[in-house]
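Chain and residue survey
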Amino acid sequence: MNINATLLGQTLAFVLFVAICWRYVWPPIIAIMEEREKRISDGLEAAKKANDSLEEAKLNYEAELDKAKSESADIVEKANQRASQIISEAKTKAEAEAEKIIASANKNLEAEINKTKEALRKDVSEIIVSTTEKILGDEISQEKHEKIISEAAQKI
Amino acid sequence: MATESSEITTTGYIEHHLTNLICGKTEKGWTCDPYMADQMGFWSFHVDSLGWSVFLGLVFIGLFRMGIPKLSTEAPSGIQNFVEMCVEFVNENVQSIFTSAKNPIIGPMALTVLVWVFLMNLMDLVPVDYLPTLAGNIAAFTGLVEEPGDAYFKVVPTTDPNITLGMALAVFVLIIFYSIKMKGLKGFVAELTLHPFGKYLIPVNFVLEFVNLIAKPISLGLRLFGNLYAGEMIFILIALMLVFNSIAIGLLGVGLHIIWALFHILILALQAFIFMVLTIVYLAMAHETEDH
């Protein structure tokens, strides 16, 4: 084993390769690795956050659902109430209408009856007058005639 | 080589595998002639070790740069997975050792050490004769040497003490640099001289602490070298079994080679890891500012 200038050559080579590694090899690799490390931890953090917000959203959703359910139940109840109200209103209205119709019909009927009664009375008085005329055989003046008839009609 | 040279000897075979391709300065100037190797002084280079070392360093940079353009913050895949796994592993180690002080260069340095040393160690798993034979034949073909066996080519950089001690030297320089930077020159000198025995035994303290300091790079470099050199040596010895013209011994050699290679995978990774951890630990110690 003989020591010679190879030793110095290797020392120089060593320094050069260390310098190259230090300048061009090590930093980019370390930088990328650190960046990836950061990205992974960020990703995990984000996943955790997403999980949390998912839980929250679930809770929110359930609360909203409950609210909606109770609201819809309210609405249905109100609608039912309104419907029954409308029905009862319609019923009363119809009843009133019916009563009104019946009343007016009755009134008409009465009027008809009265009219008929009047006509009958008139006919009867005329018949009586004519009969009386015939019986008396004498003709009473027209004026007296009319008077008698109306008097008779009044009396009937 | 076994087939090329008729008069192969065990010693020659081993020596051939343990000799580097060397280029250096001789009295007649710079040369890569293997026949002139013993005339070269300090100013010579193991071209094979350095070449493989730089090549594998480029492989490391290329591999990790290739991972980057595909990098995204989406799920990683393929090479990016591997790159990120390495970076994360190194980063964890650095952060567990560097608890108080922060230094942005430690991470990249630890990553470089781990992957680069591992790749250099990994060359040990290439069967010992393949690349030297190839290089020898190329050298003979191009006329650099007379016979393929004359060209030396050592493939595993970490079996060359120059390579391991070269890296340890860089680490040592950084240890001293950060010691002085964090503690001041005064603090560094005080650390070397004022304990364990207090100010009345400064020379003794200095000897103890200096040995302690100097032992760091030497043990760092020699540990890696020793492990890999021994492993390589065993591969060579196993390969030698194929030289004898005996089918039984040859088969035994193949079996042993597989077993040792499997076991060696562990050593390769472990030694790269130890080199990295010790680098981090030594530098962390250099950053410690508290008084003892």
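Right above here is the structure, for reference.
In this report, we go over the structure that sits alongside the text. (Residues numbered from 1 in each chain as written. Chains lettered and ligands numbered in written order. Predicted model: local features only at pLDDT ≥ 70, side-chain atom pairs only at ≥ 80, totals over all residues. Heavy atoms only, no water.)

1. Things to note about the interface of chain B and chain A
Between chain B and chain A, the residue contacts involve 50 residues of the former and 29 residues of the latter. With both chains or domains summed, chain B and chain A bury close to 3,500 Å², and 77% of this area falls on carbon and sulfur atoms. If you look at where chain B meets chain A, you find 1 salt bridge. Residue Glu84(B) pairs with Arg36(A) through a salt bridge whose shortest N-O separation is 2.8 Å. For the side of chain B that touches chain A, the secondary structure elements donating two or more residues are β3 (44-46), α2 (47-67), α3 (79-97), α4 (106-122) and α6 (161-193) of chain B. In terms of residue class, the side of chain B that touches chain A is made up of 32 nonpolar, 13 polar and 5 charged. (Contact = heavy atoms within 4.5 Å. Buried area = accessible area lost by both parts, 1.4 Å probe. Salt bridge = Lys/Arg side-chain N within 4 Å of Asp/Glu carboxyl O. Helix = DSSP H or I, 4+ residues; strand = E, 2+ residues; numbered from the N terminus. Nonpolar A, V, L, I, M, F, W, Y, C, P; charged D, E, K, R; others polar.)

2. Notes on the nonpolar core
Counting residues in each nonpolar core, the largest one holds 67 residues, and the members touching the most others are Phe14(A), Phe64(B), Val87(B), Leu111(B) and Met167(B). Put simply, the parts of the chain that give this core at least two residues each are α1 (6-136) of chain A together with α2, α3, α4, α6, α7 (202-240) and α8 (247-287) of chain B. For Val87(B), the contacting residues outside a window of four places in its chain are Trp26(A), Ile29(A), Ile30(A), Met33(A), Phe64(B) and Leu111(B). Ranked by size, the runner-up nonpolar core spans 11 residues in total, among them Phe235(B), Ile236(B), Ala239(B) and Trp260(B). (Core = buried A, V, L, I, M, F, W, Y, C linked by side-chain atoms within 4.5 Å. Buried < 20%, exposed > 50% of the residue type's maximum accessible area, 1.4 Å probe, protein only.)

3. Structural notes on a negative patch on the surface
Residues Glu34(A), Glu37(A), Glu88(B) and Glu92(B) make up a contiguous surface patch of negative charge. Those elements that provide at least two residues to the negative patch are α1 of chain A together with α3 of chain B. (Patch = residues over 30% accessible without salt bridge, like charges linked within 9 Å, V, L, I, M, F, W, Y side chains within 5 Å. Areas by Shrake-Rupley, 256 points an atom, 1.4 Å probe, with all protein chains shown as cover. Lys, Arg positive; Asp, Glu negative; His and termini not counted. Charge placed at Lys NZ, Arg CZ, Asp CG, Glu CD.)

4. Here we look at the packing of aromatic side chains
All names here are of chain B. Within this structure, the stated rule accounts for 13 aromatic pairs over all chains. Arranged with centres 6.5 Å apart and planes meeting at 20 degrees, the rings of Trp30 and Phe45 form a pair that is stacked. In this pair, Trp30 is assigned in strand β2 (residues 29-31) and Phe45 in strand β3, connecting sequence segments 15 residues apart. Since its relative accessible area comes to 53%, Trp30 is described here as exposed. On the numbers, 5.5 Å between centres and 25 degrees between planes, the contact of Phe206 with Phe210 is stacked. (Phe/Tyr/Trp six-rings, centres within 6.5 Å; stacked < 30°, edge-to-face > 60°.)

5. As for the layout of surface pockets
Where empty space is left in the structure can be found by rolling a water-sized probe over the atoms. Estimates place the volume of the largest pocket at around 430 Å³. Lining the largest pocket are 20 residues, and of these Trp26(A), Ile30(A), Glu34(A), Asn91(B) and Gln95(B) sit closest to its centre. For the lining of the largest pocket, the elements supplying multiple residues, two or more each, are α1 of chain A together with α3 and α4 of chain B. Looking at the lining of the largest pocket element by element, the count peaks at 7 residues for α1(A). Residue composition of the lining of the largest pocket, by class: 11 nonpolar, 4 polar and 5 charged. (1 Å grid on protein atoms, 1.4 Å probe; cavity = no way out; pocket = protein on both sides within 12 Å on 5 of 7 lines; lining within 4 Å. Points joined across faces, edges and corners; volume = space filled by probe spheres on them.)

6. A short note on the pattern of salt bridges
Residue and element names in this part refer to chain A. Tallied over the entire structure, the rule returns 4 salt bridges over all chains. Of the charged contacts, one joins Lys38 and Asp42 as a salt bridge, the two residues approaching to 3.5 Å between their closest N and O atoms. With Lys38 and Asp42 both in helix α1 and 4 residues apart, the pair spans about one turn of that helix. The class for Lys38 is exposed, based on a relative accessible area of 54%.

7. Things to note about the sheet that holds strand β1 (residues 22-26) of chain B
All names here are of chain B. Read from one edge to the other, the open sheet built from 3 strands follows the order β2-β1-β3, with strand pairing classed as antiparallel. Of all the strands in the sheet, just β2 and β3 have a single pairing partner and so form its edges. Each strand axis lies, on average, 10 degrees off the axis of its neighbour in the sheet, ignoring direction. In terms of strand pairing, β1 meets β3 through 3 bridges, oriented antiparallel. Residue pairing in the sheet places Ile22 in a bridge with His46 of β3. (Pairing = 2+ DSSP bridges. Axes fitted to C-alpha atoms, helices over the stretch in contact; angles between N-to-C directions.)

8. Considering the side chain of Lys183(B)
Mapping Lys183(B) onto the fold places it in helix α6. Discounting chain neighbours no more than four positions away, the residues touching Lys183(B) are Tyr178(B), Phe188(B), Glu191(B), Met285(B), Ala286(B), Glu288(B) and Thr289(B).

9. Description of empty space enclosed by the protein
Residues and elements named next belong to chain B. For the coordinates displayed, the defined rule picks out 1 cavity of 30 Å³ or more. Space inside the largest cavity adds up to approximately 80 Å³. Lining the largest cavity are 13 residues, with Val126, Val128, Val155, Val156 and Glu232 sitting closest to its centre. Broken down by class, the residue content of the lining of the largest cavity amounts to 9 nonpolar, 1 polar and 3 charged.

10. Brief notes about the packing of α6(B) against α8(B)
In helix packing, the relevant descriptors are the interaxial angle and the interaxial distance, both defined with respect to the helix axes. Residue and element names in this part refer to chain B. Remark: α6 packs on α8, axes separated minimally by 7 Å, with the N-to-C direction vectors making an angle of 20 degrees. Classified by the angle their axes make, α6 and α8 are roughly parallel. When you trace α6 past α8, the crossing you get is right-handed. Residues Thr164, Met167, Ala168, Val171, Leu174, Ile175, Tyr178, Ser179, Met182 and Lys183 of α6 lie in contact with α8, whose contacting residues are Phe275, Thr279, Tyr282, Leu283, Met285, Ala286 and His287. For the contact of α6 with α8, the residue count by class is 12 nonpolar, 4 polar and 1 charged. (Parallel < 35°, antiparallel > 145°, perpendicular 65-115°, else oblique. Left-handed = near helix turned anticlockwise from the far one by under 90°.)

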